[in-house]
Amino acid sequence: MLTTRPRGTNDILPGETEKWHYVEKVLREICMEFDYQEIRFPIFEHTELFQRGVGETTDIVEKEMYTFLDRGQRSITLRPEGTASTVRAYLEHKLYALPQPVKMYYIGPMFRYERPQAGRYRQFHQFGVEVFGSFDPAIDAEVIALAMNFYHRLGLKGLELRLNSVGCPNCRPKHRETLQSFLEKDLHRLCRDCQGRYERNPLRILDCKNNQCREITAGAPTVLGSLCPECREHFEAVKEYLDEAGIRYLIDDRLVRGLDYYTKTAFEIIVNEIGAQSAICGGGRYDGLVESLGGPPIPGVGFALGMERIFPALESQGISIPLENQLDVYVIALGKAADRKAFQILLNLRLEGIKADKDYLRRSLKAQLKTAHRHNVKYALIFGENELEKGTVILRFMETSKQKEMPVDEALDLIRKQMDKKIKM
Ligand code: HAM
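(A) Region of interest: the overall build of the protein. When helices and strands are tallied, the protein shows 15 helices and 16 strands. Across its three principal directions, the C-alpha atoms of the protein cover 95 × 50 × 45 Å. Looking at the protein as a whole, 50% of its 425 residues qualify as buried. With the model as given, the accessible surface of the protein reaches about 22,100 Å², and the carbon-plus-sulfur share is 51%.

(B) Up close: the pattern of salt bridges. Within this structure, the stated rule accounts for 33 salt bridges. For Arg362, the salt bridge is made with Asp339, and the minimal N-O distance between the two is 3.7 Å. One end of the pair, Arg362, is in the loop between β13 (356–358) and α13 (365–374); the other, Asp339, is in helix α12 (residues 336–351), and 23 residues separate them in sequence. A residue is classified by how much of its surface remains accessible, and Asp339, at 16% relative accessible area, is buried. Across the pair Asp413 and Arg416 runs a salt bridge whose closest N-O atoms are separated by 2.8 Å. Here the residue Asp413 and the residue Arg416 both occupy positions in helix α15 (residues 408–424), the gap between them amounting to three residues, near one helical turn.

(C) Local environment of the packing of aromatic side chains. In the structure shown here, the tally under the stated rule is 13 aromatic pairs. With a centroid separation of 5.8 Å and 70° between ring planes, the pair formed by Tyr66 and Tyr113 is classed as edge-to-face. Separated by 47 residues along the polypeptide, Tyr66 in the loop between α3 (59–64) and β3 (67–69) and Tyr113 in the loop between β5 (102–111) and β6 (123–132) bring together distant segments of the chain. The partly exposed category is assigned to Tyr113, whose relative accessible area is 44%.

(D) Representation of the packing of helix α5 (residues 137–154) against helix α9 (residues 229–244). Where α5 meets α9, the closest approach of the two axes is 8 Å, and the angle between their N-to-C directions is 45°. As judged from the angle between their axes, α5 and α9 are oblique. Remark: the crossing between α5 and α9 carries right-handed chirality. For the pair α5 and α9, contact is made by Pro137, Ala138, Asp140, Ala141 and Ile144 and by His234, Ala237, Val238, Tyr241 and Leu242, respectively.

(E) Inspection of the side chain of Glu45 at higher detail. Assignment of secondary structure puts Glu45 in strand β2 (residues 44–46). Assessed through its relative accessible area of 6%, Glu45 is described here as buried. A polar side-chain atom of Glu45 sits 3.0 Å from a polar atom in the side chain of Ser85. There is a polar contact of 2.8 Å between the side chain of Glu45 and the side chain of Arg88. With sequence-adjacent residues up to four places away left out, Glu45 is seen in contact with Phe50, Ser75, Ile76, Thr77, Ser85 and Arg88.

Scoring rules and cut-offs
- Residues numbered from 1 in each chain as written.
- Predicted model: local features only at pLDDT ≥ 70, side-chain atom pairs only at ≥ 80, totals over all residues.
- Heavy atoms only, no water.
- Helix = DSSP H or I, 4+ residues; strand = E, 2+ residues; numbered from the N terminus.
- Buried < 20%, exposed > 50% of the residue type's maximum accessible area, 1.4 Å probe, protein only.
- Areas by Shrake-Rupley, 256 points an atom, 1.4 Å probe, with all protein chains shown as cover.
- Salt bridge = Lys/Arg side-chain N within 4 Å of Asp/Glu carboxyl O.
- Phe/Tyr/Trp six-rings, centres within 6.5 Å; stacked < 30°, edge-to-face > 60°.
- Axes fitted to C-alpha atoms, helices over the stretch in contact; angles between N-to-C directions.
- Parallel < 35°, antiparallel > 145°, perpendicular 65-115°, else oblique.
- Left-handed = near helix turned anticlockwise from the far one by under 90°.
- Contact = heavy atoms within 4.5 Å.
- Polar contact = N/O pair within 3.5 Å; in protein donor to acceptor, adjacent residues only side chain to side chain.

What follows is the structure, encoded as structure tokens:
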């Protein structure tokens, strides 16, 4: 137990974290270009926020939340997603008083007690965006464009954008009725979960993965077929904006998201090569959520994408992440006195912004050179007792294995100049 992490969690080790940094850098750059600002909210919230925000009848609230009483007997939940918290913060800090729309993004861990498998974890990371205060269908298209832009920038291909409208409180009751009467005769054949959903949330039955349920719902009426004029107009406009932007999509009238707050636009992005957990991104519009959490009737739209699902997708398409050469200089010292000098020079190099390291195990010259090679450094600075006495150092160009003894200052100058050139390039 002591040396095993909890099921469904991951350690992101050195070597992997660099890839995460790169992806996060791309995300932050895109957010700057699209004018989204970062919000950071707590890892845990009052349980009620998610019960009311995500929806009592969702799998997340019914089965997947990490909920506990804190020492003050308050019910606390580790955040299973970021939308509810962003809405809470938007209301708590009266961000609706700012010029609208307010466009925010977040990156961080989320927690769901799910059955772990490849791509599905109990602690996972989402990047998400949320936009408040605009009914404009162009903003639906903008958030979709942001997600697609990100994947394209990484080089991912073969993405499938699935688009649907799940209607609004005007058109949904009518659909609910027609769906229930369609399903009534087969109610006893639906899976146990769907039998429960029949009354509470029949729309979710369309999303059930059970084979028999799929068979039963094959010809079921979809919300798309019974949209009210306003929802239809909105849906048409979102499609036009996407067409205009050259973003291809597939209409999927059975796409029902696993969270209850969606109205109108719902979408997912799928990449097929990564197995069962192929949804790399999901989102949509939630025009009733702010109000249902006690705020003014302000609309919202956003998405979240799973960070852990990016890397297998990249790998399956043979795309490698450009990693920066980590170290520039490796300082090698032989003998106690040389080591002191080397240590001082090492710290100075770092002060100048040059990435440098040394050996701390008093290894042989050969072993230290091997380490320098492993780090893929351009230069090694070698200090021996002899050089120390003369005030010189051996500068070794690792690529060619050529080396030259010279005064310490001269060697440092040469490195600085070359590094400058590299930075300017
Ligand atoms: P979601 O579909 O539950 O939506 O999650 C969004 C994405 O997070 C999924 O497409 C998937 O890539 C990733 N994800 C979800 N669960 C897991 C898991 N257990 N392990 C690994 N990755 C996972 C939401 O969370 C909404 N809050 C999105 C949203 C924002 N809608 C509007 N604004």
